Amino acid sequence: MQFLGLDIGSSSVKVSVTDEIGKVIVSAQYPEKEMKIDAPQPGFAEQDPEMWWDAIKKAIEQLKKDPAFKGDELGAIGITYQMHGLVIVDNKKEVIRPSIIWCDSRAVEIGQEAFEAIGEANCLKQFMNSPGNFTASKLKWVKENEPENFKKIHKFMLPGDYINMKLTGEINTTISGLSEGILWNFKHNRLNTELLEHYGIPFNLVADYKEVFTEHGKVSSQIALELGIKEGIPVTYKAGDQPNNAFSLNVVNPGEIAATGGTSGVVYGVTDEVKYDPKSRVNPFAHVNHTEETLRLGVLLCINGTGIANSWLQKNIAGNMDYEAMNVAAVKSPIGAKGVVYLPFGNGAERVLENNNVGAHYLNLDFNRHSTNELIRATQEGIVFSFQYGIEVMQEMGLKPAVIRAGYANMFMSPLFRQTLANITGAPIELLDTDGARGAAIGGAVGVKHFSSLEDAFQSLNVIETIYPNIDEVEETKLAYQNWKKMLLNILDKEPQMV
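This is a predicted model, so every value here is computed, not measured. (Residues numbered from 1 in each chain as written. Predicted model: local features only at pLDDT ≥ 70, side-chain atom pairs only at ≥ 80, totals over all residues. Heavy atoms only, no water.)

This part is about the overall build of the protein. Along the backbone of the protein there are 17 helices and 22 strands. Dimensions of the protein along its principal axes, counting C-alpha atoms only, are 70 × 55 × 40 Å. Burial statistics for the protein: of 499 residues in total, 60% are counted as buried. Taking all contacts inside the protein whose residues are at least 6 apart in sequence as the whole, residues at least 24 apart take part in 73%. Counting only carbon and sulfur atoms, one obtains 47% of the accessible surface of the protein, whose full area is about 19900 Å². Once the 46 positive and 62 negative side-chain charges of the protein are each reduced to a mean point, those two points are 2 Å apart. (Helix = DSSP H or I, 4+ residues; strand = E, 2+ residues; numbered from the N terminus. Buried < 20%, exposed > 50% of the residue type's maximum accessible area, 1.4 Å probe, protein only. Contact = heavy atoms within 4.5 Å. Areas by Shrake-Rupley, 256 points an atom, 1.4 Å probe, with all protein chains shown as cover. Lys, Arg positive; Asp, Glu negative; His and termini not counted. Charge placed at Lys NZ, Arg CZ, Asp CG, Glu CD.)

Written as structure tokens, this is what we have:
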């Protein structure tokens, strides 16, 4: 038996097939270059959902070229997807307008108005978050600005719900999915009717919801023929990319933390307590193993400018260096980069900074003392320190890091980056050979009850390396962080720019 995982990102779609113990047999990705994101106005970001579906079909065509892939042996399908997107369809299940995706900021003011009108304390106690720029607020934007489109809506859904609909014909979502749209009331364990009423959104536009690990539909005969797989394969897992990334790293218990350092950086910690940040700098959502009986929340910290900062540095400052050479150069500079401080906030407003957009900053440059080595080290340290700044918010909520798990990719390929993170957090860093598509495939296997437990599902997951705090470097790293934090607070005090 094989299991298929579909990972629908905003840059590309990746598909992976795992065997009975969760090892990857074959993978494919489409397209090779990044998918198009349309920006019809400043701050807008849209994609055509049909583009995701077309990418899935082409990626599966690549899978079929490998004789190891057995389309007639698939036992289940799991789906993971870019979070917070909005897809709207009519009663013929046709897409009405392009999807408003995660990095679109058009609904910020709408969410803020609702936060104030419903009451900040009420929102945080019941929904765990401000309505913010999340899915419900994006739907309200459509209601206000595109009333003709709004009238056509049969159901609204998340990107993963849309792909499930294409595969099975069924329209449904999950509690975890509703929570990422700020549409779940944690206090009363039900749909967030309060926000829907405030926005004037009829309840019947919300898709039926299920738990993450359950059947969401079966592949239709038409789609089975189109994809070259057997009819009736159940879709048994759907999760947003960050909860799924944590799941793929076996982060399911309180105190466990997942981290990524791609274009943006994410720290995602699991807790079993209903707590929230009064300033909504980090966002609790229902984790993949959250049920109405068992509380499991994933607390999400997102830093917009991580890998994109390293990429900018490589393209504009580091000359002919590739990333491996940059990692070598960074180590040539001492801890603290001889006083150079980098604030990695050049990719829009940051929730951890209370929606301030302070821009990116290199501080304390001395043309007589500093070289490219200092700029590279300061960049990597600055990204790590932004993680720690957010982790301190999580600690205020009672989440204590016991272990941090990450995939061996992007920023975590830098020895300096991961060692600095271990030094400043005091938690061991476990690097694992996994990704979102593999996690989705394992999720599908769990959903069809192929594994006896979550622990059993990760028997094939290998730890590549464990990085422990270096006792000889901890104090100096902490001093560098305090200097970085002082510079950040100084910038926030002098130059706040609300978005």
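Here the narrative resumes.
Turning our eyes to something else, we now look at the packing of aromatic side chains. One pass over the full model with this rule turns up 16 aromatic pairs. Relative to phenylalanine 458, the ring of phenylalanine 247 has its centre 5.0 Å away and its plane inclined at 70°; by these criteria the two rings are edge-to-face. One end of the pair, phenylalanine 247, is in helix α10 (residues 241-248); the other, phenylalanine 458, is in the loop between α16 (454-457) and β22 (463-467), with 211 residues separating them in the sequence. Just as phenylalanine 247 is buried, phenylalanine 458 falls in that class too. A cation over an aromatic ring shows up here: lysine 143 above the ring of phenylalanine 150, its NZ or CZ 6.0 Å from the ring centre. (Phe/Tyr/Trp six-rings, centres within 6.5 Å; stacked < 30°, edge-to-face > 60°. Lys NZ or Arg CZ within 6 Å of the ring centre and 35° of its normal.)

Let's shift gears to α10. Helical geometry: 3.6 residues make up each α-helical turn, so side chains three or four residues apart lie on a common side. Among the eight residues of α10, seven are classified as buried, and the element is accordingly described as predominantly covered. If you check which residues of α10 are buried, you get Gln242, Pro243, Asn244, Asn245, Ala246, Phe247 and Ser248. Downstream of α10 by a residue or two, asparagine 250 has a phi angle that is positive, lying close to 60°.

Turning our eyes to something else, we now look at helix α17 (residues 471-494). Its 24 residues give α17 an end-to-end C-alpha distance of 36 Å, which sits within 8% of 34 Å, the value for a rise of 1.5 Å per residue. Taken residue by residue, α17 has Val474, Thr477, Ala480, Tyr481, Trp484, Met487, Leu488, Ile491 and Leu492 as its buried positions. Where α17 is buried, its residues contact β18 (341-343), β19 (361-363), α13 (372-396) and α14 (415-425). (Expected span 1.5 Å × (residues − 1).)

Below, the discussion takes up the pattern of salt bridges. Scanning the entire structure with this criterion turns up 25 salt bridges. The partner of lysine 140 in a salt bridge is glutamate 144, and the shortest N-O contact between them spans 3.7 Å. Separated by four residues within a single helix, lysine 140 and glutamate 144 lie in helix α4 (residues 135-145), roughly one turn from each other. Connected through salt bridges with shared partners, the residues Glu46, Arg97, Asp104, Arg106 and Glu146 form a single ionic network. (Salt bridge = Lys/Arg side-chain N within 4 Å of Asp/Glu carboxyl O.)

The mixed open sheet is built from seven strands, whose spatial order is β16-β17-β15-β14-β20-β21-β22. Each of the sheet's edge strands pairs with one partner strand only, and the pair in question is β16 (283-286) and β22. This sheet shows a mean twist of 25° between the axes of neighbouring strands, independent of strand direction. With five bridges joining them, strand β14 (residues 256-261) and strand β15 (residues 265-271) adopt antiparallel strand pairing. (Pairing = 2+ DSSP bridges. Axes fitted to C-alpha atoms, helices over the stretch in contact; angles between N-to-C directions.)

Before going further, it helps to spend a moment on the sheet that holds strand β13 (residues 235-240). An order of β3-β2-β1-β5-β13 is seen for the five strands of this open sheet, with the pairing classed as mixed. Each end of this open sheet is capped by a strand with a single partner; those strands are β3 (24-30) and β13. Sheet twist, expressed as the average angle between the axes of neighbouring strands with direction ignored, equals 15°. Alignment of strand β1 (residues 2-8) against strand β2 (residues 13-18), held across six bridges, turns out to be antiparallel.

In this fold, methionine 413 is placed in the loop between β20 (403-407) and α14. Linking methionine 413 and glutamine 395, residues 18 residues apart in sequence, is a C-alpha distance of 26 Å. With residues up to four places along the chain from it excluded, the contact list for methionine 413 reads Asn327, Tyr408 and Arg418.

Take the side chain of glutamine 47 next. By the secondary structure assignment, glutamine 47 is in strand β4 (residues 46-47). On the basis of relative accessible area, glutamine 47 is assigned to the buried category, the value being 1%. Of the polar contacts made by the side chain of glutamine 47, one reaches the backbone oxygen of serine 10; its length is 2.8 Å. Of the polar contacts made by the side chain of glutamine 47, one reaches the backbone oxygen of lysine 36; its length is 3.2 Å. Excluding residues that lie within four positions of it along the chain, glutamine 47 makes contacts with Gly9, Ser10, Met35, Lys36, Ile37, Trp52, Gln82, Pro98, Ser99 and Ile101. (Polar contact = N/O pair within 3.5 Å; in protein donor to acceptor, adjacent residues only side chain to side chain.)

This paragraph deals with the side chain of threonine 306. Locating threonine 306 in the fold gives a position in the loop between β17 (297-303) and α11 (307-316). At a separation of 3.1 Å, a polar atom in the side chain of threonine 306 contacts the main-chain carbonyl oxygen of serine 264. Those residues within four positions of threonine 306 in sequence are excluded, and the remaining contacts are Gly261, Gly262, Thr263, Ser264, Gly265, Ile383 and Phe387.

Another aspect to go through is unusual backbone geometry. Of note, the bond from tyrosine 30 into proline 31 is cis; its omega dihedral lies within 30 degrees of zero at -10°. Even without being a glycine, serine 280 presents a positive backbone phi close to 55°. Tracing the sequence through the fold places serine 280 in the loop between β15 and β16. Positive phi values are uncommon outside glycine, yet lysine 449 reaches one of about 65°. A relative accessible area of 68% means that lysine 449 is categorised as exposed.

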